[in-house]
Amino acid sequence: MLKIINVVGARPNFMKIAPVIDEMRRRAARLKPLLVHTGQHYDEAMSESFFTDLGIPHPDINLEVGSASHAEQTARIMIAFEQVLLDERPDWVVVVGDVNSTMAATLVAAKMAIRVAHIEAGLRSRDQQMPEEINRLVTDALADLLLTPSRDADKNLQREGIAPHKIRFVGNVMIDTLFRSLERAKQSTVLARFKARPGEFAAMTMHRPSNVDDRATLAGIVEAMAAIQERLPIIFPVHPRTRARLEEFGLMERVRQMQGLTLAEPLGYLDFLQLYSNSRLVLTDSGGIQEETTALGIPCLTLRRNTERPVTVSLGTNRIVGNDPEVIRREAFAELDHPSPRGRVPELWDGHAAVRIVDAIEEASRS
Ligand code: UD1
């Protein structure tokens, strides 16, 4: 029997672990999966609602670390997770994505000589100003099994000298969750709640420190939003970090004046899926949403200087527009004036990545 500890911590982790846990539970004769939630995200809207929406079992262990500086948050996770590993002695630790919880759990397991499988390995923005890039580099340097979502990720890992036998191209597990959830999302009342008509609004998310922690940058993006909402209403579920900065920088008044802009609390998975899948255009600085819009053929403008997910640009519907207000406005208007084609869905974004992931873990256990 293989004992596997799956680790989640923040919102973008939950949709990646859901199908993996399901698949492990299907193999209960051979696998014993446990779920550890670090508590990096803790609000009902940022965490609990995802467990309900995605049918993820209640975590076996919650480390309840909460918010803190990067060093303190990472350290708290490490201290608490070390005890979990001492108590449970698993065969594998499975981590997903690139958040602080991913890196912290990997560091602890690696030092205790417990094998680590990293789901969504190999993505690189080549921008170390981004905290997630540091998390990706550290996690991939230490993991024993690197499960990649796209071919470019394999190349990145090979270039960094990772042994080829550790790398397995399995496809994008987040798309498993997306495809499984589309039908149920249709029952969401989110469009009625926001009085939104399919294809006649933009959905927006934004939370990156590089966009929201500097007043001038955030004020510029707010002005771009002001211009866009005059042509296309924007619905914007606001991340707690962003809400705090808008208040702190005195920008909330300006935002509230905009007739075409609707601010909302962070949405659950199904509500947000129903929202963006019916939108005309998505504006985001998230990682995952670049992929979800590509899978569904929805145009996406990414408010960042780079992406660790280049297939969403080369094949999909994503355009990297940075955070210059004039460029954001121009690109949004260009999309409205000349709609872009739906793009293509990348290889192995087929809804079956979780099966390949669990196969790969079982296979690696035999070697
Ligand atoms: C984290 C991840 C990022 C991911 C994002 C999605 C890292 C380094 N970053 O960024 O990769 O895209 O989550 O949401 O791990 N807060 C709450 N309630 C919560 C969670 C956070 O109020 O449930 C507030 C706190 O004030 C906190 C701030 O949001 O200080 C930021 O949270 P934090 O976990 O540090 O990182 P995120 O910006 O959410």
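Rules behind the numbers
Residues numbered from 1 in each chain as written. Predicted model: local features only at pLDDT ≥ 70, side-chain atom pairs only at ≥ 80, totals over all residues. Heavy atoms only, no water. Domains from an automatic or database assignment. Contact = heavy atoms within 4.5 Å. Buried area = accessible area lost by both parts, 1.4 Å probe. Salt bridge = Lys/Arg side-chain N within 4 Å of Asp/Glu carboxyl O. Polar contact = N/O pair within 3.5 Å; in protein donor to acceptor, adjacent residues only side chain to side chain. Helix = DSSP H or I, 4+ residues; strand = E, 2+ residues; numbered from the N terminus. Pairing = 2+ DSSP bridges. Axes fitted to C-alpha atoms, helices over the stretch in contact; angles between N-to-C directions. Near = heavy atom within 4 Å. Areas by Shrake-Rupley, 256 points an atom, 1.4 Å probe, with all protein chains shown as cover.

Caption draft 1: A look at the domain arrangement of the protein. Here the domain parsing of the protein yields domain 1 (2-171 + 349-365) and domain 2 (182-337). Using only C-alpha atoms to locate each centre, domain 1 and domain 2 end up separated by 27 Å. Tallying the contact residues gives 23 residues for domain 1 and 20 residues for domain 2. Summed over both sides, the interface of domain 1 with domain 2 buries roughly 1800 Å², with 57% coming from carbon and sulfur. Run the count over domain 1 and domain 2 and you get four salt bridges. A salt bridge links Glu 308 to Arg 136, with the shortest nitrogen-to-oxygen separation between them at 3.4 Å. One can count eight residue pairs in polar contact (both at pLDDT 80 or more) joining domain 1 with domain 2. Elements supplying a minimum of two residues to the side of domain 1 that touches domain 2: α1 (11-26), α2 (44-54) and α5 (131-142). Among the elements that take part in the side of domain 1 that touches domain 2, α2 stands out by supplying six residues, more than any other.

Caption draft 2: Quick peek at the sheet that holds strand β13 (residues 318-320). Strand order in the open sheet formed by six strands is β10-β9-β8-β11-β12-β13, and the pairing between neighbours is parallel. Every other strand in the sheet has two partners, leaving β10 (261-264) and β13 as the edge strands with one partner each. Strand-to-strand twist across the sheet, computed as the mean angle between neighbouring axes with direction ignored, equals 20°. Relative to β13, strand β12 (residues 300-302) is paired through three bridges, and the arrangement is parallel. Residue pairing in the sheet places Thr 302 in a bridge with Ile 320 of β13. Where helix α10 (residues 215-231) meets the sheet, it contacts β8 (202-204), β9 (234-237), β10 and β11 (281-284), and its direction lies at approximately 140° from that of β9. On top of the sheet, helix α16 (residues 325-337) reaches β11, β12 and β13; it is set at about 170° to β12, its chief contact.

Caption draft 3: A look at the site of the ligand. In the vicinity of the ligand, 20 residues are found, and the nearest of them are Gln 40, His 41, Asn 100, Glu 132 and His 239. In the model, an oxygen atom of the ligand is placed 2.8 Å from a nitrogen or oxygen of the His 239 side chain. Look at the ligand: alone it shows 740 Å² of surface, and the protein chains cover 85% of it. Contributions of two or more residues to the shell around the ligand are made by α1, α3 (70-88), α5 and α11 (240-248). When residues are assigned to domains, the shell around the ligand turns out to be shared by domain 1 (2-171 + 349-365) and domain 2 (182-337), each giving three or more.

Caption draft 4: Examining the environment of Gly 351 more closely. The topology assignment puts Gly 351 in the loop between α16 and α17 (353-366). With 246 residues separating them along the chain, Gly 351 and Ala 105 place their C-alpha atoms 27 Å apart. Setting aside chain neighbours within four positions, we find Gly 351 in contact with Ile 175, Asp 176 and Phe 179.

Caption draft 5: Region of interest: the side chain of Arg 27. The topology assignment puts Arg 27 in the loop between α1 and β2 (31-37). A polar contact is formed between the side chain of Arg 27 and the backbone oxygen of Val 355, at a distance of 3.5 Å. Setting aside chain neighbours within four positions, we find Arg 27 in contact with Val 355, Val 358, Asp 359 and Glu 362.

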